[in-house]
Amino acid sequence: ERYFDVGIAEQQAILFAAGLALQGMRPVAAIYSTFLQRAFDQIVHDVCLQKLPVVLAMDRAGLVGDDGPTHHGAFDIAYLRPLPNITLMAPRDEAMLVHMLHTALQHDGGPAALRYPRGEAVGVPLPSRPELIPIGTGEILREGERVAILGYGTGVQVGLGAAELLAEGGLDVTVADARFAKPLDAGLLTELAAEHDLLVTVEEGVLAGGFGTAVWESLSEGGAAPRILRVGLPDAYVTHGAPKLLHAEVGYTPERVAERIQAAVLDPR
């Protein structure tokens, strides 16, 4: 009585969710990131415009492997970020996913979308009970200097891995979890910009219009933009292949991120 399968009719799924929300329910529309694109018009006019409490659970965000270019969830950050009234979040691990889904279901400020990847979880224990996360707040996970890595979603684990590699070479960097792409934690961004020479954003999505762009816009408009290095997916359709191989191919690995940070620190132009 609580589950409806509308088949591969994404427009109908979102319109149906909007109707349920109008009747006082809190629908969760679980759709692959890449196929949610088909319902963009319904998200714009039937959900966001009316500020309805619909939760968009975007499965297979990022590179998904052998399903190939049609299934990679590369664009959702960029195509949802411009929409008014929406909240965008991404968990760094399975425990944070529990808290974020709970937060999205309790959110009264309009629709909320959370993206999560295909594949194995990180391996952290699940919380005994979910907790609410203050909307638009990030957190610092590791204190360092000179360089701050700001991850979104899977970008946090990539950033933490890069930080470990850099520490082996004597460079201790800060790592923070943005948690939200909209609204951004402006206070955290200002703090990171003021205390570091280089800010590195890491996201498993296209760079054009994505999370890193949002960070740059926010800091630039506030007059506090430091040097920013954006790490994400290329401006291309990524081919078939195992996710680990594809991540290595596009440079979305701790090793490659550490290399780029070292190069940027040595050449501060």
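See the structure printed just above.
Here is what the cut-offs are and how they apply
- Residues numbered from 1 in each chain as written.
- Predicted model: local features only at pLDDT ≥ 70, side-chain atom pairs only at ≥ 80, totals over all residues.
- Heavy atoms only, no water.
- Salt bridge = Lys/Arg side-chain N within 4 Å of Asp/Glu carboxyl O.
- Helix = DSSP H or I, 4+ residues; strand = E, 2+ residues; numbered from the N terminus.
- Buried < 20%, exposed > 50% of the residue type's maximum accessible area, 1.4 Å probe, protein only.
- Axes fitted to C-alpha atoms, helices over the stretch in contact; angles between N-to-C directions.
- Parallel < 35°, antiparallel > 145°, perpendicular 65-115°, else oblique.
- Contact = heavy atoms within 4.5 Å.
- Nonpolar A, V, L, I, M, F, W, Y, C, P; charged D, E, K, R; others polar.
- Core = buried A, V, L, I, M, F, W, Y, C linked by side-chain atoms within 4.5 Å.
- Pairing = 2+ DSSP bridges.
- Right-handed = clockwise from strand over helix to strand, strands pointing away.

(A) Expanded view of the pattern of salt bridges. A full pass over the atoms with the stated rule returns 12 salt bridges. Note that R115 is salt-bridged to D76, the shortest N-O span being 2.8 Å. Note that R115 is positioned in strand β4 (residues 112-115) and D76 in helix α4 (residues 76-80), a separation of 39 residues in sequence. The two residues R115 and D76 agree in class, both being buried. Among the ionic pairs, D177 bridges to R92, the shortest N-O distance being 2.6 Å. Placement of the pair is D177 in strand β7 (residues 174-177) and R92 in the loop between β3 (87-89) and α5 (94-106), with a sequence separation of 85 residues. What makes D177 buried here is its relative accessible area of 0%. Shared partners join several salt bridges into a network, and the residues in it are R92, D93, E139, D177 and R179.

(B) Expanded view of the packing of helix α1 (residues 10-22) against helix α3 (residues 40-48). As a packed pair, α1 and α3 sit with axes 9 Å apart at the nearest point and diverge in direction by 5 degrees. By the angle between their axes, α1 is roughly parallel relative to α3. Between α1 and α3, the contacting residues are Q11, I14, L15 and A18 on the first element and Q42, I43, D46 and V47 on the second. Across the contact of α1 with α3, the residue classes tally to 5 nonpolar, 2 polar and 1 charged.

(C) Layout of the nonpolar core. Counting residues in each nonpolar core, the largest one holds 39 residues, and the members touching the most others are I14, L56, L80 and L150. It is α1 that provides the largest number of residues to this core, a total of 5 residues. Those residues in contact with L56, other than ones at most four positions away along the chain, are I14, A29, L36, I43, I86, A112, A113 and L114. Counting residues in hydrophobic clusters, the runner-up holds 27 residues, among them V158, A163, V200 and V265.

(D) Seen up close, the packing of helix α7 (residues 186-195) against helix α8 (residues 211-221). Running from amino to carboxyl end, α7 crosses α8 at an angle of 75 degrees, the nearest separation of the two axes being 10 Å. With respect to α8, the axis of α7 lies roughly perpendicular. Packed against α7, whose contacting residues are L189, T190 and A193, the element α8 presents V215, S218 and L219 at the interface. Considered class by class, the residues forming the contact of α7 with α8 number 4 nonpolar, 2 polar and no charged.

(E) Quick look at the sheet that holds strand β8 (residues 180-182). A sheet is described by the order of its strands in space; here 5 strands give the open sequence β1-β2-β4-β3-β8, paired in mixed fashion. Each end of this open sheet is capped by a strand with a single partner; those strands are β1 (28-32) and β8. Strand-to-strand twist across the sheet, computed as the mean angle between neighbouring axes with direction ignored, equals 20 degrees. Relative to β4, β3 is paired through 3 bridges, and the arrangement is parallel. Of the residues in β4, the one forming a bridge with L88 is A113.

(F) Just the pairing of strand β10 (residues 227-233), in detail. Pairing of strand β9 (residues 196-206) with β10 involves 6 bridges; the strand directions are parallel. Paired with V200 across the two strands is L229, which belongs to β10. Handedness of the crossover is the feature at issue here: the chain leaves β9, passes through α8, returns alongside β10, and the resulting connection is right-handed.

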